[in-house]
Amino acid sequence: GDSVTQMEGPVTLSEEACLTINCTYTATGYPSLFWYVQYPGEGLQLLLKATKADDKGSNKGFEATYRKETTSFHLEKGSVQVSDSAVYFCALSGIRWGAGGTSYGKLTFGQGTILTVHP
Amino acid sequence: NAGVTQTPKFQVLKTGQSMTLQCAQDMNHEYMSWYRQDPGMGLRLIHYSVGAGITDQGEVPNGYNVSRSTTEDFPLRLLSAAPSQTSVYFCATRDYGYTFGSGTRLTVV
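All of these numbers come straight from a predicted model, not from anything done at the bench.

Scoring rules and cut-offs
- Sequence order as written defines residue numbering, which begins from 1 separately in each chain.
- The naming scheme follows written order: chains are lettered A onward, ligands numbered 1 onward.
- pLDDT decides what is reported in this predicted model: residues at 70 or higher carry local features, side-chain atom pairs at 80 or more are listed and counted, and totals for whole chains, interfaces and linings draw on all residues regardless.
- With hydrogens and water set aside, each side-chain value is computed from the structure's full complement of heavy atoms.
- The disulfide definition used here is simple: a pair of cysteine sulfur atoms within 2.5 Å.
- By the criteria applied, helices consist of DSSP H or I runs no shorter than four residues and strands consist of E runs no shorter than two, each listed in order from the N terminus.
- Three labels apply to residues, based on accessible area from a 1.4 Å probe with only protein chains included: buried if under 20% of the type maximum, exposed if over 50%, partly exposed otherwise in between.
- The salt bridge criterion pairs a side-chain nitrogen of Lys or Arg with a carboxyl oxygen of Asp or Glu, the two atoms within 4 Å.
- Within this scheme, the nonpolar core is defined by two criteria: the residues are buried Ala, Val, Leu, Ile, Met, Phe, Trp, Tyr or Cys, and they are joined through side-chain atoms within 4.5 Å.

1. So, the state of the cysteines
Residues and elements named next belong to chain A.
Moving on, step 1. Counted under the stated rule, the structure contains two disulfides over all chains.
Moving on, step 2. Here Cys 23 connects covalently by a disulfide to Cys 90, the sulfurs 2.0 Å from one another. In this structure, the disulfide formed by Cys 23 and Cys 90 twists by about -70 degrees around the S-S bond and is classed as left-handed. On the criterion of sequence distance, the pair formed by Cys 23 in strand S4 (residues 23-26) and Cys 90 in strand S10 (residues 86-97) is long-range, its members being 67 residues apart. Assigned by exposure class, Cys 23 and Cys 90 land together as buried.

Take a look at the structure:
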């Protein structure tokens, strides 16, 4: 079945350092890929997404490129800020069938990576 | 627009008690779903609904019931709570993308 593997955390950086969080996936077909961010005490927010190979998603200085040949979707940012401290989830969306015969866009999440940025 | 509203934010239950987690949305999205978040496991789909009157099971449905009588509401019921159901629960809707509620942190003792 589908799976997403993220680099082990936690990740601790100083402000203005470069960030890379690795994400690789296993899926059949051509899934859409996402990065979600969860700030303390809040729900998940969509950070960026890519729907086909070689697409680059970007938002708030973060970028990730859909690499089908390496089945990867690594998250990068050139200069992190203290406000970027959060948990980051890589996810993919594929189509699945429920027991009752309806289909749904199944989101498969990685385990999350905790990022802490110090001043 | 409130988006997706979940209540309560926190709840402590004793083993065997029942409760309902509420989820309401004001975006008129047909698709609604419930996830649980456990440390090191990301989010896992419990149940989902593709419209009023239509629900189906996700990855981890056991111990949970749902119904969808209106487009706006999608409650999640625990009939007899167990410690294994201690988790953070998120409701999410989907249109062109997913919108998550802020979560309910449930502890079963």
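2. A word on the pattern of salt bridges
Residues and elements named next belong to chain B.
Moving on, step 1. Inspection of the entire model under this criterion finds five salt bridges over all chains.
Moving on, step 2. Of the charged contacts, one joins Arg 36 and Asp 38 as a salt bridge, the two residues approaching to 2.8 Å between their closest N and O atoms. As far as the burial class goes, Arg 36 and Asp 38 line up, both buried.
Moving on, step 3. In this structure, the salt-bridge partner of Arg 44 is Asp 38, at a minimum N-O distance of 2.8 Å. Side by side, Arg 44 and Asp 38 carry an identical accessibility label, which is buried.
Moving on, step 4. Residues joined by salt bridges that share partners form a network here, namely Arg 36, Asp 38 and Arg 44.

3. Considering the nonpolar core
Residues and elements named next belong to chain A.
Moving on, step 1. Membership of the largest hydrophobic core comes to 26 residues, with the highest contact counts inside it found for Leu 19, Trp 35, Leu 47, Leu 48, Phe 73, Leu 75 and Tyr 88.
Moving on, step 2. Residue assignment for this core shows that the elements contributing at least two residues are strand S2 (11-14), strand S3 (19-21), S4, strand S5 (32-38), strand S6 (44-50), strand S8 (62-65), S10 and strand S12 (113-118).
Moving on, step 3. The greatest single-element share of this core, amounting to four residues, is contributed by S10.

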